[in-house]
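# An overview of the molecular structure
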Amino acid sequence: MEHQTQTPPSFLDQLNDAQRTAVTAPLGVQLVIAGAGSGKTRVITSRIAYLLHEHQVPPQAIIALTFTNKAGNEMKERIKRYLPGTHLPFVGTFHSYCVRLLRQYAPLLPFQDFTIIDSDDQRAMLKKIMSAHGVEKQVTPSKMLGMISFDKNHLPGQKPENSYTVPFFEEVRAAYEKEKAQSHAYDFDDLLLVTLDLITKNPSVKNAWQERVRHLLVDEYQDTNQIQHALLKAFALDDKGKLALDSVCAVGDQDQSIYSWRGATVDNIVYFQKDFKGTKQVKIEQNYRSKQPILAVANHVIGHNKNRNENREKIKCI
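Right, let's walk through the structure included here. (Residues numbered from 1 in each chain as written. Predicted model: local features only at pLDDT ≥ 70, side-chain atom pairs only at ≥ 80, totals over all residues. Heavy atoms only, no water.)

### Let's talk about the overall build of the protein
To be explicit about the condition: Counting from the N terminus, the helices are DSSP H or I runs at least four residues long and the strands are E runs at least two residues long. For the exposure calls, accessible area comes from a 1.4 Å probe over protein chains only, and a residue counts as buried if that area is under 20% of its type's maximum, exposed if over 50%, partly exposed in between. A contact between two residues is defined here by any heavy atoms of the two lying within 4.5 Å. All accessible areas in this document rest on Shrake-Rupley with a 1.4 Å probe, and a residue is counted as covered only by the protein chains that are shown.
Of regular secondary structure, the protein possesses 13 helices and ten strands. Across the 318 residues in the protein, those meeting the buried criterion constitute 50%. By sequence separation, contacts in the protein at least 24 residues apart represent 77% of the contacts at least 6 residues apart. Working note: accessible area of the protein is about 16300 Å², and carbon and sulfur atoms make up 51% of it.

In structure tokens, the structure reads:
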């Protein structure tokens, strides 16, 4: 009997050639450079579906990280449409995944009964601290909160030289951190920092995580900050800097970073290729959202951007 080739899943039929190359790429490390309107979300969700369907990867072995709950929910809905009835892997924000890990390993934390404070709680706490230090009229609690958050989203010694702080910044921040600790509370930035500390200082935790999770994907990589990049390395690399997972895939657009005000650095796309040896790069350039005159102007403007990946070509209209 003649062997019949299995018909590929419908989600692959919806991809253009470049998208299909990214989705069906061999395991290992992959960086997908995809411009605005080129189908970044379709690529990363199709990649997840491909791992589930083609490689028969169990859902619990896949973690996909994004930046908003809305984006995470959209990604999950797409995977459901691609593979109806399939159990879904974790798809969500960095912060929500860090909360999950911290709850799981709570006995290893300074306090395991922690609470998470929101921005209103933070401002109220800072207002009280700043009043006690007599500086409440020199800067608003919101401004102080922004400076603290910006500082915590950078690795020690790597904060931009032109970043703004006030003379009493360190004093107020120290008091803020002390009060949070006394209340057994973490803010949103702490969720990343404490998780990074948990993974890097507990080899048994890291080893158990890497045995359980074999595929890690990150959407909108241009919007990651230094701590998130460090987290990705801690999750995916062994102590010698070699890949310890079956695959890592980052999707991003070096010309579309919008969260620099909170510490995001588009340079992480460049660092990714340096820190993850043997990275295979795929470029997705067809734009499904804008007309050619708009793209021509955009290409002219972004051509002046610094620290761009020189292999990036101009975005194109279909």
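Once the structure has been displayed, the description carries forward.
### Examining the nonpolar core
Condition: Here, nonpolar core refers to any group of buried Ala, Val, Leu, Ile, Met, Phe, Trp, Tyr and Cys residues whose side-chain atoms link them within 4.5 Å.
Core analysis: the biggest nonpolar cluster contains 44 residues, and Ile 63, Tyr 97, Trp 209, Leu 216, Phe 235 and Phe 272 have the highest contact counts within it. Counting residues per element, this core draws most heavily on helix H11 (residues 226-236), which supplies seven residues. Beyond its immediate chain neighbours, meaning those up to four positions away, Leu 216 contacts Ile 63, Leu 65, Trp 209, Leu 232, Phe 235, Leu 245, Ser 247, Val 248 and Cys 249. Residues Ala 22, Val 32, Ile 44 and Tyr 50 belong to the second largest nonpolar core, which totals 28 residues.

### Topic: the pattern of salt bridges
Note the threshold: Take a side-chain nitrogen of Lys or Arg and a carboxyl oxygen of Asp or Glu: if they are within 4 Å of each other, that pair is a salt bridge.
According to the stated counting rule, one finds 15 salt bridges in the structure shown. Of the charged contacts in the structure, one is a salt bridge between Lys 152 and Asp 187, with a shortest N-O distance of 3.0 Å. Pair noted here: Lys 152 is in helix H7 (residues 141-152) and Asp 187 is in the loop between strand S5 (185-186) and helix H9 (188-201), with a separation of 35 residues, a long-range link. Both residues of the pair, Lys 152 and Asp 187, count as buried. Linked by salt bridges that have partners in common, Asp 151, Lys 152, Arg 173, Glu 177, Lys 180, Asp 187 and Asp 190 make up one network.

### A short note on H11
For H11, a buried count of ten out of eleven residues is recorded, marking the element as mostly surrounded by other parts of the structure. Regarding H11, the residues found buried are Gln 226, Ile 227, Gln 228, His 229, Ala 230, Leu 231, Leu 232, Ala 234, Phe 235 and Ala 236.

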